[in-house]
There are 2 protein chains.
Amino acid sequence: MMAANGILPAINADRLMKDLRRLRQFGAQGNGVVRLALSPVDLEARHWLVERMAEAGLDAAIDGVGTVFGRSRKPGPALLIGSHSDTQPTGGWLDGAMGVIFGLEIARALSECAETSDLAVDVASWIDEEGTFAGYLGSRSFIGEPVEASIRAATSRSGERLEDVLQAAGLRNRPRAQVEPGRHVAYLEPHIEQGGRLEAAGKSIGVVTTIVGIREKRITFTGQRNHAGTTPMAIRRDAGAALIAFAHDLNQIFQRLADADTVWTVGRIELDPGSFSVVPGKAELLLQYRDAKADRLRAMDAALADLVRSVDSAGLIRVHLEDADPPCEPVDMTAALQEHIAVAAEAIKPGQWIRMPSGAGHDAQLIAEKLPSGMLFVPSIGGVSHDFTEDTAEEHIVLGCRIAAAAAVAILRDRQIAKSG
Amino acid sequence: MMAANGILPAINADRLMKDLRRLRQFGAQGNGVVRLALSPVDLEARHWLVERMAEAGLDAAIDGVGTVFGRSRKPGPALLIGSHSDTQPTGGWLDGAMGVIFGLEIARALSECAETSDLAVDVASWIDEEGTFAGYLGSRSFIGEPVEASIRAATSRSGERLEDVLQAAGLRNRPRAQVEPGRHVAYLEPHIEQGGRLEAAGKSIGVVTTIVGIREKRITFTGQRNHAGTTPMAIRRDAGAALIAFAHDLNQIFQRLADADTVWTVGRIELDPGSFSVVPGKAELLLQYRDAKADRLRAMDAALADLVRSVDSAGLIRVHLEDADPPCEPVDMTAALQEHIAVAAEAIKPGQWIRMPSGAGHDAQLIAEKLPSGMLFVPSIGGVSHDFTEDTAEEHIVLGCRIAAAAAVAILRDRQIAKSG
């Protein structure tokens, strides 16, 4: 069977689903999975992945930070496919895991097909995408970021030190997988959507255009704590009331700057001391906003800072703005890879795909610094993720893997891309 | 020395201040006091009060709920003067305590003066005005409310049962002080203002017109928890955003209904789950509002309920409104008592007093159900109360006691009031 621009390798759907379900058992809780990075059950799952990759003919090992890396024995150029098999504290079974098993299945399927058996596919399960110790540790290490300081400093919420955990797992002194500029030509990350856009549009595949940039801000308001019965409105310096007015005004301002893909969220509000009878003297809000366009994020930054200055300079309430996390800029997916995924999707499921940004962060945003990168999404039922109830229809899982496989072949046969490797 | 309408008894300022400072030592912490109702240190203070009242010639005892009641041995009619000597968890030294010691000093001063030695003054320190177990327990019991069920059910935040504490203190089976309709003609409660109005106006005495009514409401918003990166604004059901819009609109509506004395406070906001990356699925706010006019409170109730219905019926976010505490109606202070306090204030400190509502609750609001009741306020420095830094200038304390004493004489000499007893 041929896609518009190449070979359509025969994915083994039963084998794919069997491996996905086996991986789910590591840390299964009801329909969900608890498999925090480098936990005993995550390490078990990683050892299991090494065995599966070895069976698939890859040189596989867990590296010095915990990433499972399966390197093809074929001559390059090589396409790298992967995602992460660690989960959130209450994670879904497919988030991350699906992309890893897609990589494994595509490596196997291409080897089994005479017309594609020459094509090199490396497979990775990055460590700690979810940030149990240090978010994106595996992909950061892979692209050559200096992660040693992070390894020494990072601790989990439960107080475990990353360095101790790596030592105990026997990983601390192992070599770390590194991008091979002469050999790796591109990175492909299949993933669940984690939102409801595909479902709402009735589509089966998303071709990711951009991974959005993110801002995370902490805004604090300082007024004067007072008795809520005996302090007239006219002489109050109510930090909570100031926060409400601020959040309302900011919402109006962001609405004017936004397009349909811009999102912003007030995720937490704290009023101090937090009782019926006390005018809050302090208040804090956590604000996150995301957009695919760097220009728009900068305009939102400026508008937020203006509003903070305007309220603060009125003098009644002090307002302080700070980054809770460093700003993260949007990362475009490589146009040629988008095109290969789109062509494969159109060949296999005509009219059933759309281009869309990724509102969530992914290892691909790091790896895109060093390699042409692309992502494809399959629909999340009800748009749910980071939750035990996260799921995707089996039909969509298998379809996603077939399209990813077809795109992989097209990418590896693309002379322009191969030359860039 | 004569006030405009009667005798001005000679308050002993040194004795007054000495007793106030002695009472402060029970539970002193820095400048503040921790003397929770029926705690060991509160019981010590109550035994000390019984001794002081006995020395003043009163039949004094701690009653079956913990109230210290000192009954005059003189024939009636009797004026009851008092407040409460229990404190908030981080209380000020004068809140409540001052009114109790004023009562004691006035009873002594009237007995010592030939022209007033016939006048009967009873003195009370009510138990648990501050609600460690059951708010206003002493005054509720005094006016004949059935408090037995409260005594059996009430526990403190630290898990102590009121019944056990009364039993351990040897109070459980004692008689409870009761209002004596043929004998008690009025109740007078001197208190610190607990707000900054007198200070802002540069006045020394407040004649209380009304104790405001209070509403305490819990408003919950239920939407849909979602990923804050992958869920477009257009399909969100963000409970937190709904709460902010609601609080903003309610503020506008209440501003239109309010007069200068109306107050409203959003004291707490909780967004669930409360993180940067999750669109809140649930949100809750605690709202309190107070006013001296029952009509205005009802208009605010109706406007709040209308707004809840309007947002809820839009269908995107469910909004639920409930009373966190039963509504509490405003209580007017008796006009004749206001007049006696005002006349005494004008005689002693001309032009240095104002009429004002009490924004805080007091035992007087309960006792007013059974007896003509009046309150006078002295200024709180910086408007601060329920805090270790609460204080009042000594000059204002002594002035307040002199005016209360003059008013007490005038009240007991008022034939209209005496007849009502």
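Just so it is clear, the structure is predicted and the values come from calculations on it, not from any experiment. (Residues numbered from 1 in each chain as written. Chains lettered and ligands numbered in written order. Predicted model: local features only at pLDDT ≥ 70, side-chain atom pairs only at ≥ 80, totals over all residues. Heavy atoms only, no water.)

Visitor: Lay out the overall build of chain A in plain terms, naming residues and giving numbers.
Guide: The helix and strand inventory of chain A stands at 13 helices and 19 strands. Taking 421 residues into account, the globule formula puts the C-alpha radius of gyration at 22 Å, and chain A, at 24 Å, falls close to it. Among the 421 residues that make up chain A, the fraction classed as buried is 58%. Within chain A, residue pairs in contact and separated by at least 24 positions form 78% of the contacts whose partners lie at least 6 positions apart. Total accessible area on chain A stands at roughly 15,700 Å², and carbon and sulfur atoms take up 50% of it. (Helix = DSSP H or I, 4+ residues; strand = E, 2+ residues; numbered from the N terminus. Rg over C-alpha atoms; globule rule 2.2 N^0.38 Å. Buried < 20%, exposed > 50% of the residue type's maximum accessible area, 1.4 Å probe, protein only. Contact = heavy atoms within 4.5 Å. Areas by Shrake-Rupley, 256 points an atom, 1.4 Å probe, with all protein chains shown as cover.)

Visitor: Outline unusual backbone geometry, listing residues and values.
Guide: The omega torsion of the bond from G76 of chain A to P77 of chain A falls at -5 degrees, within 30 degrees of zero and hence cis. Examined against the element boundaries, P77 of chain A turns out to sit in the loop between strand 6 (68-71) and strand 7 (78-84). Positive phi is not limited to glycine here, since Q194 of chain B has a value of about 70 degrees. Examined against the element boundaries, Q194 of chain B turns out to sit in the loop between strand 9 (184-192) and helix 7 (197-201).

Visitor: If you had to explain the state of the cysteines to someone new, which residues and values would you point to?
Guide: All names here are of chain A. Scanning the entire structure with this criterion turns up zero disulfides over all chains. Just so you know, C113 is unpaired, no disulfide at all, and the nearest cysteine sulfur is the one on C401, 14 Å from it. Among the residues examined, C113 registers a relative accessible area of 17% and is labelled buried. (Disulfide = S-S within 2.5 Å.)

Visitor: Tell me about the relation of the copies chain B and chain A, residues and numbers included.
Guide: Here chain B sits on chain A after a turn of 179 degrees about the axis and a move of 0.0 Å along it, with an RMSD of 0.1 Å. Such a combination of rotation and displacement between the chain copies is what one expects of a two-fold axis. (Least-squares fit on C-alpha atoms with pLDDT ≥ 70 in both.)

Visitor: Tell me about the sheet that holds strand 15 (residues 282-291) of chain A, and name the residues and values.
Guide: All names here are of chain A. Taken together, the four strands give an open sheet; going across it, the order is 13-15-11-16, and neighbouring strands pair in antiparallel fashion. Each edge of the open sheet is held by one strand with a lone partner, namely strand 13 (263-272) and strand 16 (318-328). Taking each pair of neighbouring strands and ignoring which way they run, the sheet shows an average axis angle of 15 degrees. The pairing of strand 11 (residues 213-222) with strand 15 spans ten bridges and is classified as antiparallel. Within strand 15, the position partnered with K217 by the bridge is L287. (Pairing = 2+ DSSP bridges. Axes fitted to C-alpha atoms, helices over the stretch in contact; angles between N-to-C directions.)

Visitor: Quick rundown of helix 12 (residues 394-413) of chain B? Include the residues and the values.
Guide: Its 20 residues give helix 12 of chain B an end-to-end C-alpha distance of 29 Å, which sits within 8% of 28 Å, the value for a rise of 1.5 Å per residue. Of all 20 residues in helix 12 of chain B, 16 are buried; the element is thus mostly enclosed. (Expected span 1.5 Å × (residues − 1).)

Visitor: Can you lay out the interface of chain B and chain A for me, pointing to particular residues and giving the numbers?
Guide: Chain B puts 46 residues into the contact, and the matching count from chain A is 46 residues. For the chain B and chain A pair, buried surface summed over both sides reaches about 3,900 Å², with 62% attributable to carbon and sulfur atoms. Connecting chain B to chain A are zero salt bridges. Counting the contacts that link chain B with chain A gives 13 residue pairs in polar contact (both at pLDDT 80 or more). Within the residue set of the side of chain B that touches chain A, elements represented by two or more residues are strand 11 (213-222), strand 12 (226-227), helix 8 (239-257), strand 13 (263-272), strand 14 (278-279) and strand 15 (282-291) of chain B. With eight residues, strand 13 of chain B is the largest single contributor of residues to the side of chain B that touches chain A. Tallied by class, the residues present in the side of chain B that touches chain A amount to 19 nonpolar, 20 polar and seven charged. (Buried area = accessible area lost by both parts, 1.4 Å probe. Salt bridge = Lys/Arg side-chain N within 4 Å of Asp/Glu carboxyl O. Polar contact = N/O pair within 3.5 Å; in protein donor to acceptor, adjacent residues only side chain to side chain. Nonpolar A, V, L, I, M, F, W, Y, C, P; charged D, E, K, R; others polar.)

Visitor: So, the side chain of D238 of chain B: which residues are in play, and what are the values?
Guide: Residues and elements named next belong to chain B. Structurally, D238 is set in the loop between strand 12 and helix 8. Look at D238: it is buried, it has no salt bridge, and the nearest opposite charge is R236 at 4.2 Å. A polar atom in the side chain of D238 sits 2.8 Å from the backbone nitrogen of A241. Once residues within four sequence positions are removed from consideration, D238 is found in contact with V279, P280 and I317. (Lys, Arg positive; Asp, Glu negative; His and termini not counted.)

Visitor: Give me the lowdown on the pattern of salt bridges, citing residues and values where you can.
Guide: By the definition in use, this model includes 70 salt bridges over all chains. R172 of chain A is paired through a salt bridge with E163 of chain A; the nearest N and O atoms lie 3.1 Å apart. One salt bridge in this structure joins E148 of chain B and R172 of chain B, with 2.5 Å as the shortest N-O distance. Of the two residues, E148 of chain B is situated in helix 5 (residues 148-153) and R172 of chain B in the loop between helix 6 (162-168) and strand 9; the sequence distance between them amounts to 24 residues. In this structure E148 of chain B comes out as partly exposed when scored by relative accessible area, which is 22%. Here the salt bridges do not stand alone but share partners, grouping E148, R152, R161, E163, D164, R172 and R176 of chain A into one network.

Visitor: Hey, could you go over the sheet that holds strand 11 of chain B for me, with residue numbers and the actual values?
Guide: All names here are of chain B. Pairing is antiparallel across the open sheet formed by four strands, whose spatial order is 13-15-11-16. Every interior strand has two partners, whereas the edge strands, strand 13 and strand 16 (318-328), have only one. In this sheet, neighbouring strand axes are inclined to one another by 15 degrees on average, regardless of whether the strands run parallel or antiparallel. Examined bridge by bridge, strand 11 and strand 16 share eight bridges and lie antiparallel to one another. Note that in strand 16 the partner of F221 across the bridge is V319.

Visitor: So what about the domain arrangement of chain A? Which residues, and what values?
Guide: Residue and element names in this part refer to chain A. Domains assigned within chain A are domain 1 (2-212 + 330-420) and domain 2 (217-328). Taking only C-alpha atoms, the centre of domain 1 and the centre of domain 2 are 38 Å apart. In this complex, domain 1 contributes nine residues to the contact, which on the side of domain 2 involves eight residues. Approximately 620 Å² of surface area, both sides summed, lies buried where domain 1 meets domain 2, with 55% of it carried by carbon and sulfur atoms. Counting every contact that joins domain 1 to domain 2 gives one salt bridge. Here D261 and R197 are joined by a salt bridge, their closest N and O atoms 2.6 Å apart. Inspection of the region where domain 1 meets domain 2 yields two residue pairs in polar contact (both at pLDDT 80 or more). Classifying every residue of the side of domain 1 that touches domain 2 gives four nonpolar, four polar and one charged. (Domains from an automatic or database assignment.)

Visitor: Give a detailed account of helix 3 (residues 97-112) of chain A, specifying residues and quantitative values.
Guide: Its 16 residues place the ends of helix 3 of chain A 23 Å apart at the C-alpha level, agreeing with the 22 Å of an ideal helix rising 1.5 Å per residue. Among the 16 residues that make up helix 3 of chain A, 14 are buried, leaving the element largely enclosed by the rest of the structure.

Visitor: Please set out the environment of F26 of chain A residue by residue, giving values where relevant.
Guide: All names here are of chain A. Looking at the element boundaries, F26 is found in the loop between helix 1 (13-25) and strand 3 (28-29). A residue is classified by how much of its surface remains accessible, and F26, at 5% relative accessible area, is buried. In the structure, F26 is positioned 389 residues away from R415 in sequence and 40 Å away in space, judged by C-alpha atoms.

Visitor: Explain the packing of aromatic side chains to me, and be specific about the residues and the numbers.
Guide: Using the criterion set out here, one finds 16 aromatic pairs over all chains in the structure. Each ring, one from F254 of chain A and one from W264 of chain A, has its centre 5.8 Å from the other, and the planes form 85 degrees; the classification is edge-to-face. With F254 of chain A in helix 8 (residues 239-257) and W264 of chain A in strand 13, the pair connects residues that are ten residues apart, well separated along the chain. Exposure remark for F254 of chain A: the relative accessible area of 0% places this residue in the buried category. Judged by relative accessible area, W264 of chain A falls into the buried class, the value being 8%. Three or more aromatic residues joined by ring pairs form one cluster here, namely F69, W126, F142 and Y187 of chain A. Taking the ring centre of W93 of chain B as reference, the NZ or CZ of R24 of chain B above it sits at 4.1 Å. (Phe/Tyr/Trp six-rings, centres within 6.5 Å; stacked < 30°, edge-to-face > 60°. Lys NZ or Arg CZ within 6 Å of the ring centre and 35° of its normal.)

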